[in-house]
Amino acid sequence: MPEIDMPGHMRAAIAAYPELGNFPSRPVEVATTWGIHDEVLNPEERTVQFCTDILAEVLDVFDSEFVHIGGDECPKSEWRASQRAQQLISERGLSNEDELQSWFIRQLAAFLADNGRRMIGWDEIIEGGLADGERWSCPGAARRAESPPRTSVTRWS
C-alpha cells in the first residue's frame, strides 16, 4: 500500500513549488531532518489538483485498493496566520482550521473513491469531522463491513 503524506509533510513540494505554500514569498528549504514542520500545503483548489495529480500517478503504479495519505502532523499555525486560509474557511462555511484540514482530506478521499480506491489516514484526519453520510473504520473492520467506508483511519495506539 503506497503512502503519501498530505497536507503536512510536504515541505519539499513547497520548496520546489512555492505557490503550494501559504506564504509563497517566504523561501522554504527542503527538510533535512525528520520531524514536524510548520510549512503545510495551502488549501486552494489548485493545490488539491496538484495532490490529485500526484495521486493519479500513484494509482497508475500501484493497484492496491487502499492508498494511505497520512494526514497527520499538520500544524495549523500557517493557516491561522494566512488571510487567504481564513477567507477560505469562511467561504466554505467551516468553523476552524481543523475543519479546513478535513475539507482538504475529503477532496482526496473523493478523488480516490471516484477512481475505485479507498483512502487510509492517520487518526488526525477526523479532528475536523467527517462529511455528511461518511463513516470510517480501521482497515480490518472495513473489509467486514457490508458497505465499506470511503475512509479508513489508523491509530498509533
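Structure report, in brief. (Residues numbered from 1 in each chain as written. Predicted model: local features only at pLDDT ≥ 70, side-chain atom pairs only at ≥ 80, totals over all residues. Heavy atoms only, no water.)

## Remarks on helix H4 (residues 83-91)
When H4 is considered as a whole, its buried residues turn out to be Ala85, Leu88 and Ile89. Viewed end-on, H4 has its buried residues packed into an arc of 105°, placing them on one side of the element. Among the exposed residues of H4, those pointing more than 90 degrees away from its buried face are Gln83, Ser90 and Glu91. Sitting at the head of H4, serine 82 places a side-chain oxygen 3.3 Å from the backbone nitrogen of arginine 84. Following H4 by one or two positions, glycine 93 has its phi on the positive side, about 70°. (Buried < 20%, exposed > 50% of the residue type's maximum accessible area, 1.4 Å probe, protein only. Helix = DSSP H or I, 4+ residues; strand = E, 2+ residues; numbered from the N terminus. Arc of directions from axis to C-beta. Polar contact = N/O pair within 3.5 Å; in protein donor to acceptor, adjacent residues only side chain to side chain.)

## Quick look at the packing of aromatic side chains
Applying the stated rule across the entire model yields one aromatic pair. Geometry around phenylalanine 23 places arginine 26 over its ring, the cationic atom sitting 3.9 Å from the centre. Between arginine 92 and the ring centre of tryptophan 103, over which it is positioned, the NZ or CZ distance is 3.5 Å. (Phe/Tyr/Trp six-rings, centres within 6.5 Å; stacked < 30°, edge-to-face > 60°. Lys NZ or Arg CZ within 6 Å of the ring centre and 35° of its normal.)

## Examining the side chain of glutamate 44
Relative to the helices and strands, glutamate 44 resides in the loop between helix H1 (11-16) and helix H2 (45-61). The residues contacting glutamate 44, other than those within four sequence positions of it, are Arg84, Leu88 and Arg92. (Contact = heavy atoms within 4.5 Å.)

## Regarding the nonpolar core
Side chains of a nonpolar character, in soluble globular proteins, are inclined to be buried together. In this structure, Met6, Leu55, Phe104, Leu112 and Met119 are the most contacted members of the largest nonpolar core, which totals 31 residues. Put simply, the parts of the chain that give this core at least two residues each are H1, H2, strand E1 (66-70), H4 and helix H5 (97-114). For this core, the element with the highest residue contribution is H5, accounting for eight residues. (Core = buried A, V, L, I, M, F, W, Y, C linked by side-chain atoms within 4.5 Å.)

## Description of unusual backbone geometry
Of note, the bond from methionine 6 into proline 7 is cis; its omega dihedral lies within 30 degrees of zero at 5°. Structurally, proline 7 can be placed in the segment before H1. Phi angles above zero are rare outside glycine, and glutamate 73 is one such case at about 50°. Inspection of the secondary structure assignment puts glutamate 73 in the loop between E1 and helix H3 (77-81).

## Some words on the packing of H2 against H5
For the pair H2 and H5, interaxial distance at closest approach is 10 Å and the crossing angle is 35°. The handedness of the crossing between H2 and H5 is right-handed. On H5, the residues that touch Glu45, Thr47, Val48, Cys51, Thr52, Leu55, Ala56 and Leu59 of H2 are Trp103, Phe104, Gln107, Leu108, Phe111 and Leu112. Grouping the amino acids of the contact of H2 with H5 by side-chain chemistry returns ten nonpolar, three polar and one charged. (Axes fitted to C-alpha atoms, helices over the stretch in contact; angles between N-to-C directions. Left-handed = near helix turned anticlockwise from the far one by under 90°. Nonpolar A, V, L, I, M, F, W, Y, C, P; charged D, E, K, R; others polar.)

## Let's talk about the side chain of arginine 118
Inspection of the secondary structure puts arginine 118 in strand E2 (residues 118-122). A polar atom in the side chain of arginine 118 sits 2.7 Å from the side chain of glutamate 65.

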